Protein chains: 2
Amino acid sequence: MDIQLKRGLLDVCVLASIKSKDSYGYKIIKDLKPYISLSESTLYTILKRLETANMLTVKTAEHNGRLRKYYHITEIGLKRIEDFKDEWKEIMSIYQFVTKEDEQSE
Amino acid sequence: MDIQLKRGLLDVCVLASIKSKDSYGYKIIKDLKPYISLSESTLYTILKRLETANMLTVKTAEHNGRLRKYYHITEIGLKRIEDFKDEWKEIMSIYQFVTKEDEQSE
DNA sequence: CGTAATACATCGTATCACGAAGTATGCGTA
DNA sequence: TACGCATACTTCGTGATACGATGTATTACG
C-alpha cells in the first residue's frame, strides 16, 4: 500500500490491535500483517507517540524469563478510535468524489 | 480532517478535480473545498509533483488579460485514479478491522 | 485610491514511515 | 558446546510532504 495512505491509518490500527486485549510489539506486527504491514522501527515509534499522547499505557512484565512491554489502551485511545469513525464519513465522501463518473462531460 | 489522513488522498483528489475538464490552481482549491481543504502552498507543491510524475501537463493561457496555468490530466494520471480504486479495497479491510467489535472478549 | 479577490511562487519547519544496524535472550539441532 | 533462528526492543539518519508565512502582480469594485 502507498506509504502516504498508511499515515493516519497506522495509529488507529495499532490502537485497534490492543483494544480488546493488551498486547506487545512483536505480536502487534503479526496481528496487523494481514491488513497492513509495518516495520519494527515504525511500530515502536508509533507506540512511543501514542504513549506520549496518553492513548495507551505501558507495563513491563516477565514472560518466559524475558521482559516484554505490554501495551494497554486508555479512554483517550478508545476515543481516538471513535473519532476515526467520524473521519471515515469524510473519507467516504472523498472516495465518492474521486470515483464518480462525470456523465455530463461525455 | 487529520493531516496524516489527507496524505495519499490529496494527490488523487487533485487528479480527480481535473479529470473531466482542465482546471487551474485557484479553481481546484474551490472545487475540492467541500470534500477536503488544502492551502495554496500545498496545492502548488502537489501540482508540481504530479507534473514531474507525468500525471498531468501544464499549459499557460491568457484569461481576462491575465495568465493562468491550466492543468490537463494524462493517461498516467487516469491510471493513478484507477490504482486508487484498488487501494480502496485494502483501506476498506483496514476500516473493518479497526471498527469490528470483539464479541468473544465481552 | 484603497480594499478584496484572483493567481501563482518560494522558503523553512515539523511530522513521520522506514531501512539499517545494534543488543539481548531462548530454543532447537548437529 | 556451537551455531542459526525466532523473539523482542532500541536508536539513528533520511526522504517525503503539508502547511504557514510571505511575496508578487493583476483585476474588480466602491
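Residues numbered from 1 in each chain as written. Chains lettered and ligands numbered in written order. Predicted model: local features only at pLDDT ≥ 70, side-chain atom pairs only at ≥ 80, totals over all residues. Heavy atoms only, no water.

Asker: Tell me about the overall build of chain A, and name the residues and values.
Answerer: Counting secondary structure elements, chain A contains 5 helices and 2 strands. If you list the helices and strands of chain A from N to C, you get α-α-α-α-β-β-α. For 106 residues, the compact-globule estimate of 2.2 N^0.38 gives 13 Å, and the C-alpha radius of gyration of chain A, at 17 Å, exceeds that figure by more than 25%. Expressed as a percentage of its 106 residues, the buried residues of chain A come to 42%. Carbon together with sulfur atoms contributes 50% to the accessible area of chain A, which is approximately 6400 Å² in total. For chain A, the separation between the mean place of its 18 positive charges and that of its 17 negative charges on side chains is 11 Å. (Helix = DSSP H or I, 4+ residues; strand = E, 2+ residues; numbered from the N terminus. Rg over C-alpha atoms; globule rule 2.2 N^0.38 Å. Buried < 20%, exposed > 50% of the residue type's maximum accessible area, 1.4 Å probe, protein only. Areas by Shrake-Rupley, 256 points an atom, 1.4 Å probe, with all protein chains shown as cover. Lys, Arg positive; Asp, Glu negative; His and termini not counted. Charge placed at Lys NZ, Arg CZ, Asp CG, Glu CD.)

Asker: Break down the environment of Arg-66 of chain A for me, with residues and values.
Answerer: Residue and element names in this part refer to chain A. Mapped onto the elements, Arg-66 comes out in strand β2 (residues 66-73). By relative accessible area, Arg-66 is classed as exposed at 63%. Taking the C-alpha atoms as reference, Arg-66 lies 26 Å from Asn-54; in sequence the two are 12 residues apart.

Asker: Report on the protein's contact with DNA strand C, specifying residues and quantitative values.
Answerer: Near DNA strand C lie 25 residues; those nearest to it are Lys-6 of chain A together with Glu-40, Arg-66, Arg-68 and Lys-69 of chain B. Of everything in DNA strand C that lies within 4 Å of the protein, sugar and phosphate atoms constitute 71%. One of the side-chain N or O atoms of Ser-41 of chain A is found 2.9 Å from a base nitrogen in DNA strand C. Among the secondary structure elements, those contributing two or more residues to the surface near DNA strand C are α1 (3-6) and α4 (40-52) of chain A together with α3 (25-32), α4 (40-52) and β2 (66-73) of chain B. Looking at side-chain class alone, the surface near DNA strand C contains 7 nonpolar, 8 polar and 10 charged residues. (Near = heavy atom within 4 Å. Polar contact = N/O pair within 3.5 Å; in protein donor to acceptor, adjacent residues only side chain to side chain. Nonpolar A, V, L, I, M, F, W, Y, C, P; charged D, E, K, R; others polar.)

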